[in-house]
Amino acid sequence: MALTRHPDVTLQPGAVGPRTPEDIFTQKRGPVARALHLTRWGMVWEQAARAFWPLATVLALVFAAFSLGVVAVVPLPVLPWLAGAVVLLLIWVAIRGGMRFRRVRMADAMGRLDRTLPGRPLAALTDSAAIGGEGALWQAHLAQMRARASRARAVPPDAGLTRRDPFALRLAGLVALVMALIFGGASQMGQGIAAIAATVSRPVTPDAVSTGPSWEGWAEPPAYTRRPTIYLNALAEGQVLELPKGSEVTFRLYGQGASVTQDIGPALGEDPQAPGFRAELSGAIEVAGRRFDVTVLADNAPVIQAGAAPVRRADGRMVQDFSAQDDHGVVTGQAVIALDLPAVDRRFGLAIDPEPRPAVELALPLPRGDRRAVQGQLTEDLSRHPWANLPVSVSLRAVDGIEQVGEAQPMQTVLPGRRFFNPLAAALIEMRRDLLWSRDNAGRSAEILRAVTWQPQGFVEQPLYLELRGAVTLLEGDSLTDKARDDLAEALWQAAVQLEDGGLSDALEQMRQAQEKLSEAIRNGASPDEIQRLMDELKAATDAYTEMLAQQGQQQDPSERFTGEQQGQQITGDQIQQMMDEIQRLMNEGRMAEAQELLEQFNRMMENLQVRQSQGQGEGQEGSSGNQPMNRLADTLREQQQLSDEAFRDMQEQFGQGQMGQPSDNAQGLADRQQQLREELGQQQGLLPGQGSPGGDEARRQLDEAGRAMEEAEQALREGDMGGALQRQADAIQSMREGMRALGDMMAQQGQQGQQGQQQGQEGQQPGGGDRAGEGQTAGQRPALDPLGRQRDGNGHVIAGGDPLAEGVDPAQRARDLLDEIRRRSGEAERPQDERDYLGRLLDRF
């Protein structure tokens, strides 16, 4: 059977007559038509890329030159020549591309596609049988070719630009174009167009280049203003030039006879062809017959203000709010803390002159980006500084880019620091403060340590006892160096923290380490098993920390059981578990970024936590309306206790001097302080919440009794009756405690009424839920205290046990110690008879 091939025809399936390739191409259905269509367009792209890639590269470079401001800085004499050369280059590459571009025919696309198929089925379909065209063999052959052609796929184009562009010029143009789109701007492009337009309107001839003056100028504002450089040649005639103070104006002069005159500021150099000036005053600049009116924008000094007085966080850190403003942005900020020596209570270890110490300088945290208006918060832990909890002055200052300084009005306050409520821990901290105040306090501190470590059984544990006895030896040595003093201060701090927290700080540190390890594992993409193990460690450390924190809440300052004085978030153990479960869920879902953020929030919350148990506690959450009055009452209670202690020490000194019954030198001062406390208590009564409620009325009645007792104690102090003053002061302290109990019960009941699912019958319980003597009595029936701090019932009998709200050690133990001291002194025959008689009357009465 003979075959005749028609290169430009093909057959319709099932037909004998040929069809042209264009007919197949124009058919819009079928895999062959689609493959031919895509292959032909790919070949068109190949031809265009091979012919016009130089034109595209030149256009990209020209656009980048305009957008990035390159044209604006080209010297004017050179600019027309350069522009002409670029235009000629564009014309040449365009003509070259047009000559090399070839039209893609249908037969070319079919040939390329056919070469990718086995047996060249497209070419086979163009064949025709010279003999036997209707035979079965020929039809089977066509069917086989059609089946192969149906598997045709478009051929990917390949322009071969790597071989045609060995220096990668097209890539350089592409990079320049991308940079122009990202960093370029319309203003730079406008300057370039304006420069070309000026050249076209005033063409520069060779004679003018050689004889006429030409110039260029730039105005560069200071870097801290973040303003762009201004190209003076691109400014319109008569446009006022506004520059920040300190801007540098520079010129470049070409040819002979050009000069610059100005009155805006000092010169920057002596080169006559490249003069420069610093803009300090408003004025004018003239160059080659052109005038620029310059307005210098004044740079005002920054303004900084402090927020409220520094506050103390629960962990003892100082928090100070501040705000600052500046014309162009604040560069640096600083807080300077200096000791306010005239405001210091110069008694005890602070009576001697302090050793000189430099002021504390802290850098203020400033945000990134725009700093023209800044609001921030300084957080710093200064608990270990010798000035912690002492009067200081806090000064804030801000500095701008030209070293102008703005200062806020100094603020007098007490430097926030950690507070210690364990009596022994507080004593160690006070001793540490005295040593850091002056090394001359070494002898006094040694005496205090000897007293603290006397009969340590049941009071000071053996390891701490050995450390304190070693400190006594060091303090009683011949000389105490700075290093030895600082080491001892650090040891006293660690001992006080251990006593106060009872291992809480170690638990917090373990929790922090577990959180840091888990955060690091999330950031580094650790395996799920490793993340789960670290999550279990964090849960265990958190449980240990919250348990110890709850235990510590039973031993905190008594007044703070009601006032909630520590700044912290109140949260239940169930809520902590819910937050941990949410972190676990986010990690299980692969949302690691959200889990990381929630983990950091959880860590910050746990460091500033005030825990209350969700079950088994009758302690209601205190309302915000009662916190402030309760805080002030707690402060007044502590000051009254301190005043009572000082009156007792004054009475002891009278014992030793045989002057019982006579006013002491300090009596008037104690009486004045008692009067001040009474007046403060009267002011606080008008601010108490719950007026009209039984608890609120009971609290007011008890505080009225406390005020009357204070007034009688004041009168006794002025008359020199120290025993009577102590009795009335004890009555005032007891009445204040009863008033605070009544107020606390009222707030607890109000909190319980707003909660769901709690058991009834808790309205009469005390916050904290502990058993105590006198449980079940009303506030007005609570037992009174005698001058020794012991509770007595209505018949005058002593009640065994201690009051859980008593300050410091157990009042019963304190009473026994005082009785032992009175008995010892009454048995000393060398004491005056009047003193021994007075001691005997005390023993008979109590």
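Everything quoted here is computed from the prediction, not taken from an experiment. (Residues numbered from 1 in each chain as written. Predicted model: local features only at pLDDT ≥ 70, side-chain atom pairs only at ≥ 80, totals over all residues. Heavy atoms only, no water.)

J.: Explain the overall build of the chain to me, please; I cannot follow it from the model alone.
T.: Tallying secondary structure elements over the chain gives 25 helices and 26 strands in all. Looking at the 846 residues of the chain, the share that counts as buried comes to 40%. Of the contacts made within the chain by residues no fewer than 6 positions apart, 70% connect residues no fewer than 24 positions apart. Carbon together with sulfur atoms contributes 52% to the accessible area of the chain, which is approximately 44,900 Å² in total. (Helix = DSSP H or I, 4+ residues; strand = E, 2+ residues; numbered from the N terminus. Buried < 20%, exposed > 50% of the residue type's maximum accessible area, 1.4 Å probe, protein only. Contact = heavy atoms within 4.5 Å. Areas by Shrake-Rupley, 256 points an atom, 1.4 Å probe, with all protein chains shown as cover.)

J.: How should the packing of aromatic side chains be read in this particular structure?
T.: One pair of aromatic rings is described through two measures. These are the centre distance and the angle between the planes. Applying the stated rule across the entire model yields four aromatic pairs. Ring geometry for Phe-52 versus Phe-101: centroids 6.3 Å apart, planes at 35 degrees, classification tilted. Residue Phe-52 is found in helix H2 (residues 31-67), and its partner Phe-101 is found in the loop between helix H3 (79-100) and helix H4 (106-115); the two are separated by 49 residues along the sequence. Taking the relative accessible area as the measure of exposure, Phe-101 reaches 32% and is therefore partly exposed. (Phe/Tyr/Trp six-rings, centres within 6.5 Å; stacked < 30°, edge-to-face > 60°.)

J.: Can you walk me through the sheet that holds strand S11 (residues 283-287) in this structure?
T.: Backbone hydrogen bonds hold the strands of a sheet together, and the pairing may be parallel or antiparallel. Reading across the sheet, the four strands line up as S7-S12-S11-S9 and stay open at both edges, with mixed pairing between neighbours. Of all the strands in the sheet, just strand S7 (241-244) and strand S9 (260-262) have a single pairing partner and so form its edges. Across the sheet, the axes of successive neighbouring strands diverge by a mean angle of 25 degrees, strand direction being ignored. Across five bridges, S11 lies against strand S12 (residues 290-297) in antiparallel orientation. Paired with Gly-283 across the bridge in S12 is Val-294. (Pairing = 2+ DSSP bridges. Axes fitted to C-alpha atoms, helices over the stretch in contact; angles between N-to-C directions.)

J.: For this particular structure, what's the right way to read the pairing of strand S15 (residues 318-325)?
T.: For a regular strand, side-chain orientation follows a simple rule: the groups alternate between the two sheet faces. Among the eight residues of S15, six are classified as buried, and the element is accordingly described as predominantly covered. Examined bridge by bridge, strand S13 (residues 303-306) and S15 share four bridges and lie antiparallel to one another. Its bridge partner being in S15, Ile-304 is matched across the sheet by Ala-324. As defined by bridge partners, strand S14 (residues 311-312) adjoins S15 across two bridges and the pair is classed as antiparallel. Bridged to Val-311 within S15 is Val-319.

J.: Can you help me understand H4 in this one?
T.: Structurally, the α-helix is built with 3.6 residues per turn, so residues lying three or four positions apart point the same way. Among the residues making up H4, those that are buried are Met-106, Ala-109, Met-110, Leu-113 and Asp-114. Along H4, the residues classed as buried sweep out an arc of 130 degrees about the axis, all on the same side. (Arc of directions from axis to C-beta.)

J.: Can you walk me through the pattern of salt bridges in this structure?
T.: Following the criterion strictly, the structure yields 33 salt bridges and no others. The closest approach of N and O atoms between Arg-278 and Glu-248, which form a salt bridge, is 3.7 Å. Of this pair, Arg-278 sits in strand S10 (residues 276-278) while Glu-248 sits in strand S8 (residues 248-254); the two residues are 30 residues apart in sequence, bridging distant segments of the chain. Note on Arg-278: relative accessible area 30%, which makes it partly exposed. Glu-248 gets classed as partly exposed once you look at its relative accessible area, which sits at 32%. A salt bridge links Arg-741 to Glu-738, with the shortest nitrogen-to-oxygen separation between them at 3.4 Å. Taken together, the residues Arg-741 and Glu-738, both in helix H23 (residues 722-753) and three residues apart, mark about one turn of the helix. For the pair shown, Arg-741 and Glu-738 are each scored as buried. By sharing partners, the salt bridges in this structure join Glu-355, Arg-439, Asp-482, Arg-485 and Asp-486 into a single network. (Salt bridge = Lys/Arg side-chain N within 4 Å of Asp/Glu carboxyl O.)

J.: Would you explain the confidence of the model for the chain in this entry?
T.: Do not read the fine detail of predicted coordinates wherever pLDDT is low. Here the chain averages 75 in pLDDT, and 73% of its residues register 70 or above. Ignoring residues within four places in sequence, the model shows residues 24-28, a span with pLDDT below 50, making twelve contacts including any to other chains. A low-confidence stretch, residues 756-790 stays under pLDDT 50, and its non-local contacts, those more than four residues away or across chains, total 74 contacts. (pLDDT = per-residue confidence, 0-100.)

J.: Please clarify how the sheet that holds strand S6 (residues 230-231) should be interpreted in this entry.
T.: One open sheet holds the four strands; their spatial order is S6-S5-S8-S10, and the pairing between them is antiparallel. Single-partner strands in this sheet number two, and they are S6 and S10. Pairing geometry for strand S5 (residues 214-220) and S6, over two bridges, is antiparallel. Across the sheet, the residue bridging to Ala-219 is Ile-230, located in S6.

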